[in-house]
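# Inside the fold
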Amino acid sequence: MRLFYMVLLSIFLLLSGCAPNFNKQQEVVQEKKDSKQKKAIIPKYKISDQYYRTILPFEPSKARGMVVYNLNTRNDIGEFETGLMRLAQQSFNPDQYLFQEGQALDSKEVGLWLNRKYTPAQLKEEKLSEAENIGLNPVLETKKDQQAIKEENIKSPIYLAHILEHNYLIKNENDTVQLGGVVVGLALNSIYYYQTEQYGPTFEKKIPKDVMDKEGKRIAAEVVRRLRSKPGLKDVPIMVALFEQQSKSAVVPGNFYTYTVVDKGSSNIDKWENVNEKYYLFPSTDATDDHRDDVTSFLNFKQDVEEYFPNFTGVIGKAFYNGDQLEDLKISIPIQFYGKAEAIGFTQYVTGLVMEHFPSYISVEVDITSVSGAEALIVRKADQDEPFVHIYE
């Protein structure tokens, strides 16, 4: 009962203390790249220090929705977008910059960039002009023999899967906002999937990390050169980050592994900075090999959960590491309940296990589900004394 009242109090404080105050919005003038100006609003409310405020009215990306079709899994889609915003903070402070979806690249242009380079015969077949032959992936020679097609695909895989653009605006002293920087994510294939005939089987080729990295940096240099030729992008810094996406069967997302920042006015990439981030599945062999102590804590938690339901073994975790430090752990517990009281009792039990097994510097989120849908959510933020617990009605 005490826990129930604490949950109610937490919800009340959250709603009363964190609800956005729309009376504190600030009107500004946004300077557009075509020299036009328009009124915009900067919301004062920000849900977290790790997120940027988004200028209003919201302007969707001109390449909106393409990421859904070009990346392998929902996990990759989410991490590609949020991870790019996280990396942007290395150069664009969320306290000073505002977020806007990319406005320089539209869907047609992104599609052309994602193409392969075409031979003259292929251009004619695709009904494209020479000006549209701007694909960043290598040429695939046309072959009639299926074995020859397979060999050509192995020799010339598609490296670049998607391009994502984010814009960062900065507020000036005279209540105007203008573009302050561009961040571009390049999603690269670690595994290339291909077919030798339209309705034939799908083959796959693992792309070595050094080859993927070399091609990714080649593509990045060309992307910077092209962006510099666009109106309004000549004199702003451009960050380019390389993302290694996982296979179609992966249950954890890929990660950004390097980035570069090109100073305003320059088109040259001088150096790359390593990004030491990675996701692990708990439990897994890779996680045990690299982070045995953390996996042991998770297995102890899992064992205690199974003591509540002895025939249950479905606890899995997705762990995010920054360097060698575990920062975030998301745990999924799918289970069959036979009543709301049972779900409440189990949630209380798991909440105690979270506090017992995981150190306070780790953010932990537990999703408890059943065949009926979401049952409960437990969130214990890093260095937080009490967890937030919500039981779905």
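Up top is the structure these notes are about.
Presented here is a report on the structure given in the accompanying data block.

What counts, and at which threshold
Residues numbered from 1 in each chain as written. Predicted model: local features only at pLDDT ≥ 70, side-chain atom pairs only at ≥ 80, totals over all residues. Heavy atoms only, no water. Phe/Tyr/Trp six-rings, centres within 6.5 Å; stacked < 30°, edge-to-face > 60°. Helix = DSSP H or I, 4+ residues; strand = E, 2+ residues; numbered from the N terminus. Buried < 20%, exposed > 50% of the residue type's maximum accessible area, 1.4 Å probe, protein only. Lys NZ or Arg CZ within 6 Å of the ring centre and 35° of its normal. Contact = heavy atoms within 4.5 Å. Expected span 1.5 Å × (residues − 1). Pairing = 2+ DSSP bridges. Axes fitted to C-alpha atoms, helices over the stretch in contact; angles between N-to-C directions. Patch = residues over 30% accessible without salt bridge, like charges linked within 9 Å, V, L, I, M, F, W, Y side chains within 5 Å. Areas by Shrake-Rupley, 256 points an atom, 1.4 Å probe, with all protein chains shown as cover. Salt bridge = Lys/Arg side-chain N within 4 Å of Asp/Glu carboxyl O. Lys, Arg positive; Asp, Glu negative; His and termini not counted. Charge placed at Lys NZ, Arg CZ, Asp CG, Glu CD. Parallel < 35°, antiparallel > 145°, perpendicular 65-115°, else oblique. Left-handed = near helix turned anticlockwise from the far one by under 90°. Nonpolar A, V, L, I, M, F, W, Y, C, P; charged D, E, K, R; others polar.

So, on to the packing of aromatic side chains. Taken as a whole and assessed by the stated rule, the structure comprises 17 aromatic pairs. Measuring from ring centre to ring centre gives 5.0 Å for Phe243 and Phe256, while their planes differ by 65°; the resulting arrangement is edge-to-face. Note that Phe243 is positioned in strand S8 (residues 238-245) and Phe256 in strand S9 (residues 255-262), a separation of 13 residues in sequence. Seen from their ring centres, Phe298 and Phe301 are 6.5 Å apart, and the 35° between their planes marks the pair as tilted. One end of the pair, Phe298, and the other, Phe301, are both in helix H9 (residues 292-308), three residues apart, so they sit about a helical turn from each other. A relative accessible area of 0% means that Phe298 is categorised as buried. A relative accessible area of 0% places Phe301 in the buried class. In this arrangement the basic side chain of Arg226 is found over the ring face of Trp113, its NZ or CZ atom lying 5.1 Å from the centre. One Lys or Arg, Lys248, reaches over the ring of Tyr193 and ends 4.5 Å from the middle of that ring.

A few words now on unusual backbone geometry. Here the bond from Phe282 into Pro283 is cis, since omega is -10°, no more than 30 degrees from zero. Relative to the elements of secondary structure, Pro283 occurs in the loop between strand S11 (277-282) and helix H8 (285-290). For Lys127, which is not a glycine, the phi torsion comes out positive at approximately 60°. Relative to the elements of secondary structure, Lys127 occurs in the loop between helix H5 (120-126) and helix H6 (146-155). Judged by its relative accessible area of 76%, Lys127 falls in the exposed class. Phi angles above zero are rare outside glycine, and Asp383 is one such case at about 60°. Mapped onto the elements, Asp383 comes out in the loop between strand S15 (373-380) and strand S16 (388-391). Residue Asp383 is classed as exposed on the basis of its relative accessible area, which comes to 61%.

This part is about the side chain of Thr196. Within the secondary structure, Thr196 sits in the loop between strand S6 (191-195) and strand S7 (202-206). By relative accessible area, which is 12% here, Thr196 ends up buried. Excluding residues that lie within four positions of it along the chain, Thr196 makes contacts with Gln146, Ile149, Lys150 and Phe203.

For helix H10 (residues 340-357), which comprises 18 residues, the first-to-last C-alpha distance of 26 Å matches the rise-based estimate of 26 Å (1.5 Å per residue) to within 8%. Looking at the buried residues of H10, the elements they touch are H9, strand S13 (325-334), strand S14 (363-370), S15 and S16.

Taking strand neighbours across the sheet as the criterion, the six strands line up as S11-S12-S13-S14-S15-S16 in an open arrangement whose pairing is mixed. Lying at the two open borders of the sheet, with one neighbouring strand each, are S11 and S16. Direction aside, the axes of adjacent strands within the sheet are offset by 15° on average. The pairing of S13 with S14 spans seven bridges and is parallel. Residue pairing across strands places Asp328 opposite Ser363, the latter belonging to S14. Its contacts with the sheet put H9 on S11, strand S12 (316-322) and S13, and the angle it makes with S13 is roughly 25°.

So, about a negative patch on the surface. On the surface, a cluster of negative charge is made up of Asp286, Asp289, Asp290 and Asp324. Position of Asp289 among the secondary structure elements: in helix H8.

Let us look at the packing of H9 against H10. Across the interface, H9 lies against H10 with an axial gap of 10 Å and an inter-helix angle of 155°. When the axes of H9 and H10 are compared, the pair comes out roughly antiparallel. The crossing of H9 and H10 is right-handed. Where H9 approaches H10, its residues Ser297, Asn300, Phe301, Asp304, Val305, Glu307 and Tyr308 are matched on the opposing element by Glu342, Gly345, Phe346, Tyr349, Val350, Leu353, Val354, Glu356 and His357. Of the residues that constitute the contact of H9 with H10, the class distribution is eight nonpolar, four polar and four charged.

Read these as spatial facts, not as claims about activity.
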